[in-house]
Amino acid sequence: MTLFDTLDILGTIAFAISGALSAMNRKFDLFGIFIIAFVTAIGGGTLRDILIGATPVSWMQNTVNMYLIGGVTMLSIIFRNKLDYLKKSLFLFDTIGLGIFTIIGVETGIQTDLAPIVSIALGAMTGCFGGVIRDILCNEVPVIFRKEIYATASIAGGICFMILHTLNTPINIIYIITTLLIISIRLIVVKYQVTLPMFSVKN
Amino acid sequence: MTLFDTLDILGTIAFAISGALSAMNRKFDLFGIFIIAFVTAIGGGTLRDILIGATPVSWMQNTVNMYLIGGVTMLSIIFRNKLDYLKKSLFLFDTIGLGIFTIIGVETGIQTDLAPIVSIALGAMTGCFGGVIRDILCNEVPVIFRKEIYATASIAGGICFMILHTLNTPINIIYIITTLLIISIRLIVVKYQVTLPMFSVKN
Amino acid sequence: MTLFDTLDILGTIAFAISGALSAMNRKFDLFGIFIIAFVTAIGGGTLRDILIGATPVSWMQNTVNMYLIGGVTMLSIIFRNKLDYLKKSLFLFDTIGLGIFTIIGVETGIQTDLAPIVSIALGAMTGCFGGVIRDILCNEVPVIFRKEIYATASIAGGICFMILHTLNTPINIIYIITTLLIISIRLIVVKYQVTLPMFSVKN
């Protein structure tokens, strides 16, 4: 099993937990929790595969992920109060998923011979879409439009990935540095309440 | 014409009616009614085709469905008060569509050589997505997150389909049993107000 | 560069501006403005490509559009108050994008050998989807469900396109007539407040 596969599994676990926590916060029933966990975990990869035409999409060809999501969701339900005790757990798992899925998307773009700027966009979509669809279904403001610099962290990571890739950095080093960069940016931004400028029109 | 084709037409009619009724309930204009009816009727099949890569998607290759949806929507508008008189008509047509489109999705998964668990998921998506997109566009809580055990009925039907399929049951018998099972589960659940357990986190 | 390519660029510019204005109206941050502009400009074409199976979708193969959207969005931010001074600018740019993207969708349908009615539907989806996804992300009522006859204008244009096509009208003439027709219909409809009949059910 390569580092790439390991990261894919970690990202899936992280997003499944974040989906399950989000659904439990909204008091969804047993089944709703599984659906939200599933959609959050596979959403980004599904959008990525559809956009590049890699069909049947990956979760259809690799059933391990489905069992993984099912198991993780069940554990999340059982240990829900322990997870909650870790206060920021939803935020943390969501951020880990964002970091990992972003680099998977960028790597997929490179392997599909897409231009660098397109690979970065594909990485951002892969990283962000699971959380966006989770929030739309849970009827919350999509995470990319909150003030937490979500997509920005993802794109900064994608740019870092492309630069290291151009410098012929070993791929596993790229994976680790980029993922940690994305997670760090988001943690720092939220801790120090950094915000991007807004530009509204005069009325 | 096979039983499969007949069911496809019946499912399309059922979802087109449910979409038209939903749009009229929200006082959409003439055109909005047609759009919602169309999207509800083709939504599930379109998602199914995109996920497995069967493009151009099926409604693009079979114009009969488009004329059918147009005709059914017109009849729904003309007879709207008669349909309303049947009180639960929106619920009924939606449930029929769910039952039929679920088995079409499962069957498609089997024909595409997908794993059983993936075929069941594809069936649930095919069955549920039309109703979900209808509810999102009509700005209502998506049907799968109401307390009526919508996706659960669909997945129970998918599991039944796979078991009967493994037992070499004749395909037409599988279609009929599975469709009736899904419809029955949903009717019974709503009649007796069965609900799934909820797991919310302590605050 | 053909008239088709020129129109594609004009449509992309128009929708990018409409997306940027919409995001600034909602006081999104710098990054949110870019995302909404991007999604509005590529949404229709992406849906079109996914439905017909033309993957990787077009914006992934033509990076010019990405730089174009970035540049236009930056200019929209800088000149935001000038654009606002033109009052109806959001409405205008959205209408221009609708007109142009509709004919691109219809033309794509014809080139993919789809039936006329399907090509018209594909044109309407290509034209409308960017605005719909912009409105959903900005949490506004999707433009096709407001009383401004949005999709209707698009479909009327698609029908006109097919008639002229059958009459062997030179393609560039078709492009111009059809685009102007769609824009005119929408402008006239809003100016004279034409509305379609509604059919609600008695309670």
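Everything quoted here is computed from the prediction, not taken from an experiment. (Residues numbered from 1 in each chain as written. Chains lettered and ligands numbered in written order. Predicted model: local features only at pLDDT ≥ 70, side-chain atom pairs only at ≥ 80, totals over all residues. Heavy atoms only, no water.)

**Quick notes on the overall build of chain A**
Piece 1. Along its length, chain A carries nine helices and zero strands.
Piece 2. Across chain A, helices and strands are ordered from the amino to the carboxyl terminus as α-α-α-α-α-α-α-α-α.
Piece 3. In terms of C-alpha radius of gyration, chain A reaches 17 Å, essentially the compact-globule figure of 17 Å for 203 residues.
Piece 4. Projecting the C-alpha coordinates of chain A onto the three principal axes gives extents of approximately 50 × 45 × 30 Å.
Piece 5. Considering chain A as a whole, with its 203 residues, one finds that 56% of them fall into the buried category.
Piece 6. In the form shown here, chain A has an accessible surface area of approximately 8700 Å², with 67% of it arising from carbon and sulfur atoms.
Piece 7. Charged side chains of chain A number 13 positive and 11 negative; the gap between the two group centres comes to 14 Å. (Helix = DSSP H or I, 4+ residues; strand = E, 2+ residues; numbered from the N terminus. Rg over C-alpha atoms; globule rule 2.2 N^0.38 Å. Buried < 20%, exposed > 50% of the residue type's maximum accessible area, 1.4 Å probe, protein only. Areas by Shrake-Rupley, 256 points an atom, 1.4 Å probe, with all protein chains shown as cover. Lys, Arg positive; Asp, Glu negative; His and termini not counted. Charge placed at Lys NZ, Arg CZ, Asp CG, Glu CD.)

**Here's the deal with the UniProt feature "transmembrane region" (unreviewed entry) in chain A**
Residues and elements named next belong to chain A.
Piece 1. In this structure's numbering, the residues bearing the UniProt feature "transmembrane region" (unreviewed entry) are residues 6-23, 30-47, 59-79, 91-110, 116-137, 149-167 and 173-194.
Piece 2. The straight-line gap between the two end C-alpha atoms of residues 59-79 is 26 Å; of that span, 90% is helix and 0% is strand.
Piece 3. From the first C-alpha to the last, residues 116-137 spans 32 Å; its make-up is 100% helix and 0% strand. (UniProt positions renumbered as here; feature names shortened; annotations may be inferred.)

**Regarding the interface of chain B and chain C**
Piece 1. Taken residue by residue, the interface counts 28 residues in chain B and 24 residues in chain C.
Piece 2. Carbon and sulfur atoms supply 76% of the area buried between chain B and chain C, which totals about 2500 Å² over both sides.
Piece 3. When the area that chain B buries against chain C is broken down by residue, the three leading residues are B:Asp29, B:Phe31 and B:Met60, summing to 23%.
Piece 4. Between chain B and chain C we count zero salt bridges in total. (Contact = heavy atoms within 4.5 Å. Buried area = accessible area lost by both parts, 1.4 Å probe. Salt bridge = Lys/Arg side-chain N within 4 Å of Asp/Glu carboxyl O.)

**Focus on the environment of B:Ala153**
Residue and element names in this part refer to chain B.
Piece 1. Along the polypeptide, Ala-153 turns up in helix α8 (residues 150-166).
Piece 2. Sequence separation of Ala-153 and Ile-185 is 32 residues, and the distance between their C-alpha atoms is 5.9 Å.
Piece 3. Once residues within four sequence positions are removed from consideration, Ala-153 is found in contact with Ile-182, Ile-185 and Arg-186.

**Quick look at the relation of the copies chain B and chain C**
Piece 1. Least-squares fitting of chain B to chain C yields an RMSD of 0.0 Å, with the superposition described by an axial translation of 0.0 Å and a rotation of 120°. Within this description, the copies of the chain are treated as partners about a three-fold rotation axis.
Piece 2. A different interface surface on each copy is seen, since only 4% of the contact residues of chain B are contact residues in chain C too. (Least-squares fit on C-alpha atoms with pLDDT ≥ 70 in both.)

**Quick notes on the packing of helix α6 (residues 89-111) of chain B against helix α7 (residues 116-137) of chain B**
Residue and element names in this part refer to chain B.
Piece 1. Running from N to C, α6 and α7 cross one another at 145°; their axes reach a closest spacing of 7 Å. Crossing handedness for the pair α6 and α7: right-handed. Two secondary-structure elements touch here, α6 through Leu-90, Asp-94, Leu-98, Phe-101, Thr-102, Gly-105, Val-106, Gly-109 and Ile-110 and α7 through Ser-119, Ile-120, Leu-122, Gly-123, Thr-126, Gly-127, Cys-128 and Arg-134.
Piece 2. Here the residues of the contact of α6 with α7 sort into eight nonpolar, seven polar and two charged. (Axes fitted to C-alpha atoms, helices over the stretch in contact; angles between N-to-C directions. Left-handed = near helix turned anticlockwise from the far one by under 90°. Nonpolar A, V, L, I, M, F, W, Y, C, P; charged D, E, K, R; others polar.)

**So, a nonpolar patch on the surface**
Piece 1. Nonpolar side chains collect at one region of the surface, where A:Leu75, A:Ile78 and A:Phe79 lie side by side and expose about 300 Å² of accessible area between them.
Piece 2. Among the secondary structure elements, A:Leu75 is positioned in helix α4 (residues 63-78). (Patch = residues over 30% accessible without salt bridge, like charges linked within 9 Å, V, L, I, M, F, W, Y side chains within 5 Å.)

**Topic: the side chain of A:Thr178**
Piece 1. Examined against the element boundaries, A:Thr178 turns out to sit in helix α9 (residues 171-191).
Piece 2. Setting aside residues up to four positions removed in sequence, A:Thr178 forms contacts with A:Ile103, A:Gly157, A:Cys160, A:Phe161 and A:Leu164.

**Brief notes about the interface of chain A and chain C**
Piece 1. Taken together, the contact pairs 24 residues of chain A with 28 residues of chain C.
Piece 2. Linking chain A with chain C are zero salt bridges.
Piece 3. In this structure, the connection of chain A to chain C is made through one residue pair in polar contact (both at pLDDT 80 or more).
Piece 4. Looking at the side of chain A that touches chain C, the elements that each hand over two or more residues are α2 (30-52), α7 (116-137) and α8 (150-166) of chain A.
Piece 5. Counting residues per element, the side of chain A that touches chain C draws most heavily on α7(A), at five residues. (Polar contact = N/O pair within 3.5 Å; in protein donor to acceptor, adjacent residues only side chain to side chain.)

**Considerations on helix α2 (residues 30-52) of chain C**
Every α-helical turn comprises 3.6 residues, leaving residues that sit three or four positions apart pointing alike.
All names here are of chain C.
Piece 1. Taking 1.5 Å per residue, 23 residues should reach 33 Å; α2 reaches 34 Å between its end C-alpha atoms and fits that length.
Piece 2. Along its length, α2 reaches its greatest deviation from straightness, about 45°, at Ile-42.
Piece 3. Within α2, 21 of the 23 residues are buried, which leaves it mostly tucked inside the rest of the structure.
Piece 4. Of the residues flanking the end of α2, it is Gly-53, one or two places downstream, whose phi is positive at about 80°. (Expected span 1.5 Å × (residues − 1). Bend = angle between axes of the 7 residues up to and from the residue.)

**Looking at the relation of the copies chain A and chain C**
Piece 1. You can overlay chain A on chain C at an RMSD of 0.0 Å; the transform is a turn of 120° with a shift of 0.0 Å along its axis.
Piece 2. Interface overlap between copies: only 4% of the residues of chain A at the interface are likewise at the interface in chain C, consistent with a contact formed by different surfaces.

**Considerations on the environment of C:Lys82**
Piece 1. By the element assignment, C:Lys82 lies in helix α5 (residues 80-85).
Piece 2. For C:Lys82 and C:Asn168, which are 86 residues apart along the polypeptide, the C-alpha to C-alpha distance reads 43 Å.

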